[in-house]
Amino acid sequence: MNNTFYKENNLSGLKRADFQKTINGKETDLFILSNDNGAEAAITNYGGAIISVMVPDRNGKLANVVQSHDTIDGVINSPEPYLSTLIGRYGNRIAKGKFKLDGTEYLLAINNGPNSLHGGPTGYHARVWDAEQTSKQSVTLHYLSPDGEEGFPGNLDITVIYTFTNENELIITYTATTDKKTIINLTNHAFFSLAGVANPTPTIDNNIVTINADFYTPIDEVSIPTGEISKVEGTPMDFRTPHTVGSRIDDSFQQLVNGAGYDHCYVLNKEEAGVLSFAAKCKEPESGRTLEVYTTEPGVQVYTDNWATGYPGYHGATFPRRSAICFEAQHFPDTPNKAYFPSAVLNVGDTYHQITVYKFGVEK
């Protein structure tokens, strides 16, 4: 493990020693990514979790805009196990924890009602990744997911690179190969709180959101896509023009009832599949902080932190219900059981590739 760029006086006030632990013979650590503009991101190789992103508000005041914990034990034992972590082998839900591939049925852990969620209870969020920090602005994580892990076929060789640019972009680049036909849907489950995490962290009701999607995938009462691709037009799901999160989130619209708020995959408007393009924007009006999301993926799951309980985290911050918003770039939920959704199959000899960019800014 290479970690020669750690800064003891980092902006987040995080201590490397608080993130160092041996788990199943592998070492966890903290990696500080700093750019030339005085902004900073912190990553741990346990679950690839984003621990902080320190960016300025309209007055230049820095704050952490990602929900997290300030020790490795906090990350491991979080009441929200997917808090700002990498997700895989299959992000989001697979109905009844079952899918077929070339006639073989695979059975997964059931960990979300009757369904499998986010790769199972010991998915990539709960694994120690090999890590090498290659510069002050980039860290490379690697994990070999063995054949049969959490029920998925094939040895999957994964590399994820976090880069924090001088434009305050956190770029996540994913690549993976397999030795057996498999399914793959990697993402990052960052919980964004653009007001800055605090005690308590403010609600996202006032966040102004735009989503570049004419369609979304409706869900049933256990959050599995019905199979429809529905228009957002004329519904509270429509963010093609800016709306605050809170303006319609508690409407009696059945989709919002099913998700206890927004917890839906938006079908991104794409001129060409696999091209990096604009997905969404979020603005926090009090601070002026903005987040723009760009991705090569066909969808983005928008989740409004509907189940948080006010649990404690980073430097005494607490995380109440709806105090964060997630933009999880991904393929659609339950794709292995929906033949007409964009395929999540990875064949031997092919390379899975994804780029997602979280660009932080300020508007006066």
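Up top you'll find the structure we're talking about.
As a starting point, this report considers the structure included with it.

All right, on to the pattern of salt bridges then. Applying the stated criterion across every chain, the model contains 14 salt bridges. Here Lys21 and Asp73 are joined by a salt bridge, their closest N and O atoms 2.5 Å apart. A residue pair is termed long-range when its members are at least 10 positions apart, and Lys21 in strand β1 (residues 21-23) and Asp73 in helix α1 (residues 72-76) qualify at 52 residues. Since its relative accessible area comes to 37%, Asp73 is described here as partly exposed.

Now for empty space enclosed by the protein. Applying the stated criterion across every chain, the model contains three cavities of 30 Å³ or more. Size it by volume and the largest cavity reaches roughly 40 Å³. Along its surface, the largest cavity is lined by Ala49, Ile50, Ile51, Ser68, His69, Val75, Ser78, Glu80, Pro81 and Leu83. Class assignment for the residues of the lining of the largest cavity results in six nonpolar, three polar and one charged.

The next subject is the nonpolar core. In terms of nonpolar packing, the biggest core is built from 58 residues, with Val53, Tyr162, Tyr266, Phe327 and Phe360 touching the most fellow members. The element that contributes the greatest number of residues to this core is strand β14 (residues 156-164), accounting for five residues. Sequence-distant contacts of Phe360, defined by excluding residues within four places in its chain, comprise Val53, Val55, Val65, Glu167, Asn168, Leu170, Phe192, Leu194, Thr290 and Leu291. Of all hydrophobic cores here, the second largest spans 25 residues; its members include Phe19, Ile23, Ala49 and Tyr311.

Among the structural elements, Leu11 can be located in the segment before β1. Residue Leu11 is classed as partly exposed on the basis of its relative accessible area, which comes to 38%. Between the C-alpha atom of Leu11 and that of Thr175, which follows or precedes it by 164 residues, the distance is 30 Å. Residue contacts for Leu11: discarding those within four places in its chain leaves Gly38, Ala39, Glu40, Met54 and Leu62.

Here the focus is unusual backbone geometry. Residue Arg89 is reached from Gly88 by a cis peptide bond, and omega for that bond is 5 degrees. Within the fold, Arg89 resides in the loop between β7 (86-87) and β8 (93-94). Cis geometry marks the peptide bond from Asn199 to Pro200, where omega comes out at -5 degrees. Mapped onto the elements, Pro200 comes out in the loop between β17 (187-188) and β18 (208-211). Phi at Lys96 is positive, roughly 60 degrees, even though this residue is not glycine. As for its position among the elements, Lys96 is in the loop between β8 and β9 (98-101).

Here we take up the side chain of Ser34. As for its placement among the helices and strands, Ser34 is situated in strand β3 (residues 30-34). For Ser34, a relative accessible area of 9% gives the class buried.

Cut-offs and rules
- What you see as residue numbers is a count from 1 along each chain, following the sequence as written.
- In keeping with the model being predicted, local features are shown solely for residues with a pLDDT of at least 70 and side-chain atom pairs are shown and tallied solely at 80 or more, while totals for entire chains, interfaces and linings include all residues.
- Side-chain metrics rest on all non-hydrogen atoms present in the structure, leaving aside hydrogens and water.
- Each reported salt bridge corresponds to a side-chain nitrogen of Lys or Arg within 4 Å of a carboxyl oxygen of Asp or Glu.
- Numbering goes from the N terminus for both helices and strands, where a helix is a DSSP run of H or I of at least four residues and a strand is a run of E of at least two.
- Burial classes follow relative accessibility: with a 1.4 Å probe on protein chains only, a residue under 20% of its type's maximum area counts as buried, one over 50% as exposed, and anything between as partly exposed.
- Definitions used for this entry: grid spacing 1 Å over protein atoms alone; cavity, a set of points where a 1.4 Å probe fits but cannot get out; pocket, an open set with protein on both sides within 12 Å along at least 5 of 7 lines; lining residue, one with an atom within 4 Å of a point.
- Grid points are joined across faces, edges and corners, and a volume is the space filled by probe spheres set on the points.
- Amino acids are sorted into nonpolar (Ala, Val, Leu, Ile, Met, Phe, Trp, Tyr, Cys and Pro), charged (Asp, Glu, Lys and Arg) and polar (every other residue, Gly among them).
- By nonpolar core we mean a set of buried residues, namely Ala, Val, Leu, Ile, Met, Phe, Trp, Tyr and Cys, connected to one another through side-chain atoms within 4.5 Å.
- Throughout, a contact is declared for two residues whenever any of their heavy atoms are within 4.5 Å.

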